[in-house]
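Residue-level structural notes
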Amino acid sequence: MRALVVVGLLAVFALVFVVIALVRDTQSNAGGAAGCPKNWPLADVRLREPKDVKINVYNGTDEVGLAGSVADDFRNRKFQVKKEGNAPKAVDDVAVLRFGPKGVGSAHLLRAYFLNNAKLEPDLKRKDDTVDVILGNSFQQLATTTEVNQSLGDLGSPVAPTGTCPAPVDK
């Protein structure tokens, strides 16, 4: 009987603790645009599904046809490939991802396909949600589905780039 009373008291204390924590929560606006400096762009930090991601694939190497074959690989993974071609200059990295505030969540997903070895180049003036994928000399292949899922776990949630604020998330 005594054990039952102790368990009941513990349950009451746990409930009171949870209610107090919820009432005093100072992070209820975390991820929102509250407190954002005027004129800062809002970054879409929602993690996207491949079918909702628009990309341009450019070849920043000397390997002929690389952009086309990688673009086909992305299409097979349900990405929306808008353009493909050669980059104006060579890239030594695995890849470079160029995107605007509306493409933050998409770029985050794409990073996982390069196992977090892609260089991020946010452009705060860019108005569309398309991500430019520039393949570099260190590129070998896109990650497998299992590797992408593991990489996404390691990366955590998308983060708004410096000079932007996270856009409010629709609930």
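The preceding data block contains the structure.
Here is a short report on the structure shown in this document. (Residues numbered from 1 in each chain as written. Predicted model: local features only at pLDDT ≥ 70, side-chain atom pairs only at ≥ 80, totals over all residues. Heavy atoms only, no water.)

This paragraph deals with the state of the cysteines. Scanning the model with the defined rule gives one disulfide in all. Note that C36 is cross-linked by a disulfide to C165, the S-S spacing being 2.0 Å. When the S-S torsion is 95°, as for the bridge of C36 with C165, the disulfide is right-handed. Of the two residues, C36 sits in the loop between α1 (2-23) and β1 (42-43) while C165 sits in strand β7 (residues 165-166), which places them 129 residues apart along the sequence. (Disulfide = S-S within 2.5 Å. Helix = DSSP H or I, 4+ residues; strand = E, 2+ residues; numbered from the N terminus.)

What follows is about the pattern of salt bridges. According to the stated counting rule, one finds eleven salt bridges in the structure shown. In this structure, R77 engages D73 in a salt bridge whose closest nitrogen and oxygen atoms are separated by 3.2 Å. The exposure class of R77 is partly exposed, given its relative accessible area of 23%. Judged by its relative accessible area of 28%, D73 falls in the partly exposed class. As a salt-bridge pair, R126 and D128 come within 2.7 Å of each other at their nearest N and O atoms. On the accessibility criterion, D128 (34% relative accessible area) is partly exposed. (Salt bridge = Lys/Arg side-chain N within 4 Å of Asp/Glu carboxyl O. Buried < 20%, exposed > 50% of the residue type's maximum accessible area, 1.4 Å probe, protein only.)

Running from N to C, helix α3 (residues 104-113) and helix α4 (residues 145-155) point in directions that differ by 125°, and their axes come no closer than 8 Å. With respect to their mutual orientation, α3 and α4 come out oblique. The interaxial crossing formed by α3 with α4 has right-handed handedness. On the side of α3, the interface is formed by H108, L109, R111, A112 and Y113, while α4 contributes V148, S151, L152 and L155. Grouping the amino acids of the contact of α3 with α4 by side-chain chemistry returns six nonpolar, two polar and one charged. (Axes fitted to C-alpha atoms, helices over the stretch in contact; angles between N-to-C directions. Parallel < 35°, antiparallel > 145°, perpendicular 65-115°, else oblique. Left-handed = near helix turned anticlockwise from the far one by under 90°. Contact = heavy atoms within 4.5 Å. Nonpolar A, V, L, I, M, F, W, Y, C, P; charged D, E, K, R; others polar.)

Below, the discussion takes up the nonpolar core. I55, V57, F74, L110 and F114 are the most contacted members of the largest nonpolar core, which totals 34 residues. Of all the elements in the fold, those that place two or more residues in this core are β2 (54-59), α2 (66-76), β4 (95-99), α3, β6 (131-135) and α4. Aside from chain neighbours lying at most four places away, what touches L110 is V53, I55, F74, F79, L97, V131 and V133. Counting five residues, the second-largest nonpolar core is a separate cluster that includes Y58, A87, V91 and I134. (Core = buried A, V, L, I, M, F, W, Y, C linked by side-chain atoms within 4.5 Å.)

Attention now goes to unusual backbone geometry. Not every positive phi belongs to a glycine, and N39 is a case in point at roughly 75°. With respect to the helices and strands, N39 occurs in the loop between α1 and β1. Note on N39: relative accessible area 72%, which makes it exposed. Of note, L115 is a non-glycine position whose phi angle comes to about 50°, a positive value. In this fold, L115 is placed in the loop between α3 and β5 (118-122). Looking at L115, the relative accessible area reads 40%, which means it is partly exposed.

Distances and angles like these do not, on their own, reveal function.
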